[in-house]
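In case you want the letters, here they are:
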Amino acid sequence: MILYGSSFSPYVRKVLAFAAEKSIDIKLKPLGLGSTDPDFLAASPFRKIPAFSDGNFTLSDSSAIVTYLDATVPEPNLMPEEPRARARTVWFDEFADTILFPAVAPIFFNRVVQRILMKQDGDEGAAQAAERDALPPVLDYLEGVIPESLYLVENRLTLADIAVASVLVNLHHVGLLDEARHPRVAAFAGQMHARPSFARSIAVERRALAR
Ligand SMILES: N[C@@H](CCC(=O)N[C@@H](CS)C(=O)NCC(=O)O)C(=O)O
């Protein structure tokens with residue numbers, strides 16, 4: 001199995017962590033946005049990362065890919081069977097992809113991707129606007145729904161935790177996980193990011209950012 005992309009993308013990191021939790025051997029073929037790698041283009045019709053292949057089967061979209069991985073390797077179960085728990089898991093995956101990610105992306109893109117990785121001027125105004133306006137209500141929501149167990153669904157690890165924690169890595173990279181303002185979010189992120197499934201890619205990313 002091959003995953004095309006960069007672990008700096010929360011969507012790619014989500015798939016890598018999900019695969020690692022299931023001990024699925026998936027090779028990362030590192031590439032960035034705008035890649036013209038023919039295998040990547042064949043697997044990702046809209047040129048988004050991640051893309052995926054398993055032999056001649058290709059797929060893009062992190063949620064589609066983890067659904068395939070979950071069906072292929074059912075244990076340990078990361079997508080609950082009980083109807084409400086399953087639906088809540090899908091909700092948190094969707095929340096991470098379409099609400100949390102857009103709030104974090106302008107900050108991460110301008111301060112890390114542009115400034116540190118591409119050595120260009122980032123749009124600091126856009127980063128500050130997202131930090132001030134878009135991010136706080138989203139983190140306030142998360143602060144209110146993380147249970148004492150620090151697992152979002154069924155008090156055990158599921159895709160919900162992996163998807164949300166994956167976006168929070170980008171917030172961690174920009175130093176915006178504020179323990180005083182959002183203690184539950186910070187504790188949740190700390191617990192999740194310490195798991196080997198995240199710790200490995202975070203360490204690789206930290207080294208790349210320190211270069
Ligand atoms: N829903 C997709 C989103 C993938 C996505 O938007 N990836 C970004 C990188 S973080 C991308 O490829 N952007 C390039 C583009 O939209 O053209 C998923 O879950 O994989």
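Residues numbered from 1 in each chain as written. Predicted model: local features only at pLDDT ≥ 70, side-chain atom pairs only at ≥ 80, totals over all residues. Heavy atoms only, no water.

### Thoughts on the overall build of the protein chain
Counting its secondary structure elements, the protein chain contains eight helices and four strands. Across the protein chain, helices and strands are ordered from the amino to the carboxyl terminus as β-α-β-α-β-β-α-α-α-α-α-α. Over its C-alpha atoms the protein chain spans a radius of gyration of 17 Å, differing by no more than 12% from the 17 Å that the globule rule assigns to 211 residues. By principal-axis analysis of the C-alpha atoms, the protein chain measures approximately 45 × 45 × 25 Å. Counting the 211 residues in the protein chain, one finds 49% classified as buried. Nonlocal contacts in the protein chain, meaning residues at least 24 apart in sequence, comprise 68% of its contacts between residues at least 6 apart. When the accessible surface of the protein chain is totalled, it reaches about 10,100 Å², and 56% of it is carbon and sulfur. Taking the average place of the 22 positive charges on the side chains of the protein chain and the average place of its 26 negative ones, the gap between the two points comes to 4 Å. (Helix = DSSP H or I, 4+ residues; strand = E, 2+ residues; numbered from the N terminus. Rg over C-alpha atoms; globule rule 2.2 N^0.38 Å. Buried < 20%, exposed > 50% of the residue type's maximum accessible area, 1.4 Å probe, protein only. Contact = heavy atoms within 4.5 Å. Areas by Shrake-Rupley, 256 points an atom, 1.4 Å probe, with all protein chains shown as cover. Lys, Arg positive; Asp, Glu negative; His and termini not counted. Charge placed at Lys NZ, Arg CZ, Asp CG, Glu CD.)

### Section: the site of the ligand
If you check the shell around the ligand, you find Ser9, Tyr11, Leu33, Lys48, Ile49, Pro50, Asp61, Ser62, Asp97 and Phe101 and nothing else. The protein chains hide 72% of the 510 Å² of surface that the ligand would expose on its own. Considered class by class, the residues forming the shell around the ligand number five nonpolar, two polar and three charged. (Near = heavy atom within 4 Å. Nonpolar A, V, L, I, M, F, W, Y, C, P; charged D, E, K, R; others polar.)

### Here we look at the environment of Glu21
In this structure, Glu21 sits in helix α1 (residues 10-21). When its relative accessible area of 17% is taken as the criterion, Glu21 is described as buried. Those residues in contact with Glu21 that lie beyond four places of it in its chain are Pro76, Leu78, Leu157, Ile162, Arg195 and Ser197.

### A short note on helix α3 (residues 62-72)
By the burial criterion, the buried members of α3 are Ser62, Ser63, Ile65, Val66, Leu69 and Asp70. One face of α3 carries all of its buried residues, which in axial projection span an arc of 160 degrees. Of the surrounding secondary structure, the elements contacted by the buried residues of α3 are β1 (2-5), α1, β3 (51-54), β4 (57-60), α4 (83-117) and α6 (159-173). Looking at where α3 begins, the residue whose side-chain oxygen comes 2.9 Å from the main-chain nitrogen of Ser63 is Asp61. (Arc of directions from axis to C-beta. Polar contact = N/O pair within 3.5 Å; in protein donor to acceptor, adjacent residues only side chain to side chain.)

### As for the packing of α1 against helix α8 (residues 196-210)
At their nearest, the axes of α1 and α8 sit 8 Å apart, and the two run at 140 degrees to each other. Taken together, the axis directions place α1 and α8 in an arrangement best described as oblique. Every pair of crossing elements has a handedness; the one defined by α1 and α8 is right-handed. Here Arg13, Ala17, Ala20 and Glu21 of α1 lie close against α8, whose contacting residues are Ser197, Phe198, Ser201 and Glu205. (Axes fitted to C-alpha atoms, helices over the stretch in contact; angles between N-to-C directions. Parallel < 35°, antiparallel > 145°, perpendicular 65-115°, else oblique. Left-handed = near helix turned anticlockwise from the far one by under 90°.)

### Some remarks on the nonpolar core
In terms of nonpolar packing, the biggest core is built from 64 residues, with Leu100, Val164 and Leu168 touching the most fellow members. Take this core: its biggest share by element is eleven residues, from α4. Two domains each put at least three residues into this core: domain 1 (2-72) and domain 2 (83-210). (Core = buried A, V, L, I, M, F, W, Y, C linked by side-chain atoms within 4.5 Å. Domains from an automatic or database assignment.)

### Considerations on unusual backbone geometry
A cis geometry characterises the amide bond from Ile49 onward to Pro50, with omega recorded as 5 degrees. Unlike most non-glycine residues, Ser23 shows phi in positive territory, near 55 degrees. With respect to the helices and strands, the residue Ser23 is situated in the loop between α1 and β2 (27-30). Assessed through its relative accessible area of 67%, Ser23 is described here as exposed. With phi around 50 degrees, Asn155 is a residue other than glycine that occupies positive phi space. Tracing the backbone shows Asn155 in the loop between α5 (124-145) and α6.

### Here we look at the sheet that holds β3
By way of backbone hydrogen bonds, the strands of a sheet pair with one another, either parallel or antiparallel. Across the sheet, four strands lie side by side as β2-β1-β3-β4; this open sheet has mixed pairing. Each edge of the open sheet is held by one strand with a lone partner, namely β2 and β4. Strand-to-strand twist across the sheet, computed as the mean angle between neighbouring axes with direction ignored, equals 20 degrees. When β1 meets β2, the two strands line up parallel, connected through four bridges. Across the sheet, Tyr4 pairs through a bridge with Lys29, a residue of β2. Here α1 sits on the sheet and contacts β1 and β2; the angle it forms with β1, its principal contact strand, is near 160 degrees. Lying on the sheet, α3 is in contact with β1, β3 and β4; it crosses β4 at an angle near 135 degrees. (Pairing = 2+ DSSP bridges.)

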